[in-house]
Amino acid sequence: MDATRQPEQRPGDGDGDRYGVLLYYKYAEVPDAGALAAFYEEHCRGLSLVGRVRVGPDGVNATLGGRMAALEKHIAEMSSNALFDGTDFKLASCEDPVDEKVARECGFTSLSVRVVKELVTLCSNPTSAPPEISSAGKHLPAAEFHSVLQNVAGTSSDAVAPVEKNEVVVVDARNVYETRIGKFNVPNVETLDPEIRQYSDLPSWIDEHTEKLRGKSILMYCTGGIRCEMASAYIRSKGEGFENVFQLYGGIQRYLEKFPDGGYFEGKNFVFDHRISVGSLKENILGACLLCGSSYDDYSSRCRCSHCRMLVLVCPTCQDSSKEYVCELCQKNGKEHCQTSTKQDCEIQIGLSEPSGFEKTSISDHSVTSKVPWSNGKVTCYTDTEHLKKLRILCLHGFRQNASNFKGRTSALAKKLKHIAELVFIDAPHELSFVYQPIQGHCSDKPSLPSATSKRKFAWLIAPNSSFNTEQDWKAADAPFDPLQYQEQTEGFEKSYAYLEKTISQMGSFDGILGFSQGAAMAALFCRQQQKTCGAPRFKFGMFCSGYPAPVGDFDGEPIKLPSFHCFGNGEGHDRQIANKASTELAGLFQQDRCSVLEHDMGHIIPTRLPYIDQIRSFLSSFL
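Here goes a summary of the coordinates provided.

Reading the values: rules and limits
Residues numbered from 1 in each chain as written. Predicted model: local features only at pLDDT ≥ 70, side-chain atom pairs only at ≥ 80, totals over all residues. Heavy atoms only, no water. Helix = DSSP H or I, 4+ residues; strand = E, 2+ residues; numbered from the N terminus. Contact = heavy atoms within 4.5 Å. Areas by Shrake-Rupley, 256 points an atom, 1.4 Å probe, with all protein chains shown as cover. Disulfide = S-S within 2.5 Å. Expected span 1.5 Å × (residues − 1). Buried < 20%, exposed > 50% of the residue type's maximum accessible area, 1.4 Å probe, protein only. Arc of directions from axis to C-beta.

With that settled, the discussion passes to the overall build of the protein chain. Each helix and strand in the protein chain was counted, giving 17 helices and 25 strands. For the protein chain, the share of sequence-separated contacts (at least 6 apart) that also reach a separation of at least 24 residues comes to 73%. Counting only carbon and sulfur atoms, one obtains 48% of the accessible surface of the protein chain, whose full area is about 26800 Å².

Take a look at the structure:
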């Protein structure tokens, strides 16, 4: 990587109390990723910074928010480390997060530091080796990038440009929901928009369009630059005819700083923090409402495609008139819109005490309605349940539980979700022995036995070399129960996976999966394996309560591409069985722009009181 530009610290104007956002990345060999991640954890928390930090053997990628003074201290600290020589620290002053729903979804209400295998995953196939980052395209600073475009557009005769006129093609390395609201538009220059849902789809698009790229001078751009590093290296790896690849250094963000009037960039730059997007002085609107086609470019409502969960643009008027939204990519693949309701029709309006990170969902046209009191005391118009298809959710119990036991423990949850969800409980395939922890009685030295009528207990994962006796006789445990025993339960996944596949084929499809404790760990493993074998999990969503990343196999650094809801204790000693850090790590394994986290103070349970139940209900309602 030839980034030799010195860090540019802009807003040192005495307004250190203002809020700011900092973005930077650095490709470099990291000798000890774990140690560096631990440093980030301590250092950033000490400065009260929030956001996302990913540390891998190939470098660091960070998006942080906090007070400007704290962010400037962070820049100074990282700049003193030789590892970050030449790093472009992109610091912008902005307003404090005012929309907590957006801030929570974008990861700007907490700090997430995670060790990953690679900073960005260009290819979803774990067997494909990533291109060498040393082969990345040449960096063009914003002024030089603009000069090239100006020269090719014919508006300048003396621009300094490394390419010849009419040999330039511009490639947008971003996702389609980003390009909807802003992109480069240059006269006489062909601009290619791959129209991809996610970055890992880009290699396939490049492979399919090699003839459009061969022999051209290719100018690439993305939000901040990191995606162009791998993508440009991938193009150049194709050999002869693909040598002339250039990338906008610092991305659209640096370009708009250099050309505040927008230059050749039209619309707004989509960003992955609470700001949502950043525009130029022109303030032109490039996007359009998915339903009515009116000019619109605001993603703050977080409306999503009902099929693939990708963000879609839906204006406020149309948000009140459609049950589901189908993005343009799903429409091309034959997915259909659901029926729309009229203005006078009934809709669900969930009064959230705390925003959940998912959009409000309205209900399609039905003639029969009833008044149903929600748990927050508000009476809202609700569609008659016999006309409303409920979500069918497969529920996985925890270690040494069974379906009946878990059903009983979640009866309050099932009752409060009865209008929108059907919970289906099954036993795990590994039957466990009747083992108990001896407790000395008050009046006898002989340990008291549990009830002999106890039901059988099961597990999804077991410890190696476990010997289980399924006879109906109680046996005293050899040692005290270890609260961290879940870390040693590393066997039995293959049997459980096959069992779940067979169960689902026999019981019919499910909209989602819910797991508790070890059940949550198994649910995550199951979704990960489905993604590996089928390309994507077969569920619309997953709910992971008091979960943890099971020490089984390897997640390959590829996020699980499933809308997910993570519910666990808040780290103040309220869950003594699964540490808050473990549940946070599990949440970090899922695609972050589809991940919603609920931390509570209720212990090792699934909470059903306010405001928690409203957040659970809101998440599920977005899939009706």
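So, on to the state of the cysteines. Scanning the entire structure with this criterion turns up 0 disulfides. Free of any disulfide, C292 has its nearest cysteine sulfur in C289, 3.7 Å distant. The cysteine C305 is free of any disulfide, with C330 supplying the nearest cysteine sulfur at 3.7 Å.

Here helix α14 (residues 493-507) spans 21 Å end to end across 15 residues, near enough to the 21 Å set by a 1.5 Å rise per residue. Listing the buried residues of α14 in full gives F493, S496, Y497, L500, T503 and I504. Each buried residue of α14 lies within a common arc of 130 degrees when the element is viewed along its axis, so the set occupies one face. Projecting away from the buried face of α14 at angles above 90 degrees are the exposed residues E494, K502, S505 and Q506. Remark: G508 follows α14 within two positions and exhibits a positive phi of approximately 95 degrees.

Over its 12 residues, helix α2 (residues 68-79) runs 16 Å from end to end, which matches the ideal 16 Å to within 8%, given 1.5 Å per residue. Listing the buried residues of α2 in full gives M68, A70, L71, H74, I75 and M78. Taken end-on, α2 shows its buried residues confined to a sector of 160 degrees, consistent with a single buried face.

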